[in-house]
Amino acid sequence: MAIDIKVPEMGESVTEATISAWTKKEGDAVKVDEVLAILETDKVSLEIPAPTSGVLKSITKKVGDVVHVRDIMGIIEEGAVASAPASSTAPAPKAETPAAQPNTGKVNEELPPAARKLIEENKLDVSKITGTGRNGQITKEDVILFMEKGGASSAGAPKAASSSPEIPRAVVASANAGPRETVVPMTKLRQTIANRLVNAQHTAAILTTFNEVDMSPIMELRNKYKDKFKETHGVGLGFMSLFTKAVVAALKAYPAINAEIRGTDIVYKNFYDIGVAVGGPKGLVVPIVRNADLLSFAGVEQEIARLAGKVKDGKISLEDMEGGTFSISNGGVYGSMMSTPILNPPQSGILGMHNIVKRAVVVNDQIVIRPMMYLALSYDHRIVDGKEAVQFLVKIKEMVEDPTRLLFEV
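Below or above, wherever it landed, is the structure these notes cover. Note that the structure is predicted; figures quoted are calculated from it, not measured.

1. Side note on the overall build of the protein
So, point 1. Looking only at helices and strands, one finds 10 helices and 18 strands in the protein.
So, point 2. Counting only residues that meet the buried cut, the protein has 38% of its 410 residues in that class.
So, point 3. Summarising the internal contacts of the protein: among those between residues at least 6 apart in sequence, 63% fall at separations of at least 24.
So, point 4. As presented, the protein carries roughly 23300 Å² of accessible surface, and 54% of it is formed by carbon and sulfur atoms.

2. Describing the sheet that holds strand β18 (residues 366-380)
So, point 1. On the basis of which strands lie adjacent, the open sheet formed by 6 strands has the order β9-β18-β17-β16-β12-β15 and mixed pairing. At either margin of the open sheet sits one strand with a lone partner, and together these are β9 (206-214) and β15 (288-289).
So, point 2. In terms of strand pairing, strand β16 (residues 326-330) meets strand β17 (residues 349-363) through 4 bridges, oriented parallel. Pairing of Ser327 across the sheet is with Ile350, part of β17.
So, point 3. Packed onto the sheet, helix α6 (residues 239-253) meets β12 (274-276), β16, β17 and β18 and runs at close to 145° relative to β16.

3. Brief notes about the packing of α6 against helix α7 (residues 297-312)
So, point 1. Running from N to C, α6 and α7 cross one another at 115°; their axes reach a closest spacing of 9 Å. Handedness of the α6/α7 crossing: right-handed. In this structure, α6 uses Phe239, Met240, Ser241, Leu242, Thr244 and Lys245 to contact α7, whose residues at the interface are Phe297, Val300, Glu301 and Ile304.
So, point 2. For the contact of α6 with α7, the per-class residue count stands at 6 nonpolar, 2 polar and 2 charged.

4. Describing the pattern of salt bridges
When the charged atoms of two side chains lie near each other, side chains of opposite charge can form a pair.
So, point 1. Overall, the coordinates contain 14 salt bridges when judged by the stated rule.
So, point 2. One salt bridge in this structure joins Glu34 and Lys24, with 3.0 Å as the shortest N-O distance. With Glu34 in the loop between β3 (29-30) and β4 (35-40) and Lys24 in the loop between β2 (16-22) and β3, the pair connects residues that are 10 residues apart, well separated along the chain.
So, point 3. In this structure, Asp380 and Arg382 form a salt bridge, with 2.7 Å as the shortest nitrogen-oxygen distance.
So, point 4. For Asp380, a relative accessible area of 3% translates into the label buried.

5. Observations concerning the side chain of Ser348
So, point 1. The topology assignment puts Ser348 in the loop between β16 and β17.
So, point 2. For Ser348, the side chain forms a polar contact with the main-chain oxygen of Ala259, separated by 2.7 Å.
So, point 3. For Ser348, the contacting residues outside a window of four places in its chain are Ala256, Ile257, Ala259, Glu260, Leu343, Ser378, Tyr379, Asp380, Ile383 and Val384.

6. Quick word on a nonpolar patch on the surface
So, point 1. A grouping of Phe210, Met337 and Met338 is seen on the molecular surface, where their side chains present a nonpolar patch of about 260 Å² in accessible area.
So, point 2. If you trace the backbone, Phe210 turns up in strand β9.

7. Things to note about the nonpolar core
So, point 1. Membership of the largest hydrophobic core comes to 68 residues, with the highest contact counts inside it found for Leu39, Phe243, Phe326 and Ile396.
So, point 2. For this core, the leading source of residues is α6, giving 9 residues.
So, point 3. Both of domain 1 (2-78) and domain 2 (191-407) provide at least three residues apiece to this core.
So, point 4. What Phe243 contacts, discounting residues up to four positions off in sequence, is Met215, Ile328, Leu351, Met353, Met373, Leu375, Ile396 and Val400.

8. Things to note about the pairing of β17
So, point 1. Sheet topology note: the β17/β18 ladder contains 13 bridges and is antiparallel. Considered in β18, the bridge of Leu351 is made with Leu377.
So, point 2. What sits between the antiparallel neighbours β17 and β18 is a turn of 2 residues, in which Asn364 has the positive phi angle 55°.

Cut-offs applied
- Residues numbered from 1 in each chain as written.
- Predicted model: local features only at pLDDT ≥ 70, side-chain atom pairs only at ≥ 80, totals over all residues.
- Heavy atoms only, no water.
- Helix = DSSP H or I, 4+ residues; strand = E, 2+ residues; numbered from the N terminus.
- Buried < 20%, exposed > 50% of the residue type's maximum accessible area, 1.4 Å probe, protein only.
- Contact = heavy atoms within 4.5 Å.
- Areas by Shrake-Rupley, 256 points an atom, 1.4 Å probe, with all protein chains shown as cover.
- Pairing = 2+ DSSP bridges.
- Axes fitted to C-alpha atoms, helices over the stretch in contact; angles between N-to-C directions.
- Left-handed = near helix turned anticlockwise from the far one by under 90°.
- Nonpolar A, V, L, I, M, F, W, Y, C, P; charged D, E, K, R; others polar.
- Salt bridge = Lys/Arg side-chain N within 4 Å of Asp/Glu carboxyl O.
- Polar contact = N/O pair within 3.5 Å; in protein donor to acceptor, adjacent residues only side chain to side chain.
- Patch = residues over 30% accessible without salt bridge, like charges linked within 9 Å, V, L, I, M, F, W, Y side chains within 5 Å.
- Core = buried A, V, L, I, M, F, W, Y, C linked by side-chain atoms within 4.5 Å.
- Domains from an automatic or database assignment.

Structure, rendered in structure tokens:
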């Protein structure tokens, strides 16, 4: 019985995808639920399992094809057995390659002038140089490559240095380099990311305000309790849970930053679903920590670890990334010193965390060395006033520099 392999429902508002890979080829045996193909939507990658066991009879949609929900991608012959490949004792015919014209060992006038000059000046044995030019002719690049590989001169002279003024550096680079350009089609995910970023710039009045925070108190607190925290909760104590709880407290104080514009209305959210940017194999994605205000510090860390694991394994789902009222991006893990994060529409705010660097600062009229971090808040100026944005960032600074305020919610 022939069973169709159909494109499944892919989530709300997702109607098409691109086939990024087939893991099986026509004639291969397959088992039920075995991954046959991978689809890439504008948000995530989806694995297509085999609906039954049998043999992959045909593939009707190739890699790179755009498919829609319920399209037929291929057909499985249910219950069939894959035929063994025919064996043959006869050796495969050997591909013929054009023979390079032998070098005579004589530096003659048939060589290109540039190649002949290098050979003569460095006293090279021309019979040992392999020519790659037309009809096996030796080119200047062939000579340079021979010298770089340690080719000896015919008179036993030492190897010429690759930095010799007679050998232009640009020529050396081009001799070793591959293709000057590699053209790769943008994936569906990357196209959507690009479109969303441009759309955010065009539709929102994005402004960014900055502040800096002394990380000493939060680092001391973390160092004091991180071992006991991990022993008790089974997850490491990072900075993200502390910043997430600080963000929730600041959003409660300044609700416009947790709101969105919907048509001509402002919609204030009374829940706190915080998007946490996570780098994955296919780019940056923003899974959502749901109801972050109701979670403990351990609950936030466990949820972030769970979502990050799904991103790393390529198993993040559409449901994991839908919604969100505010986002946090930690460019500091990659060494970023300062940036202006772009909004994730329809959200009205995003917090950028950065690298922690020891700097000289003034505390109580004394110059001291402290671990400092720059914070950046990008916000939609259509809905958030500059005063609110600055106060929001100051609120986060105050709680991070005095973490006990998080416990008492003050």
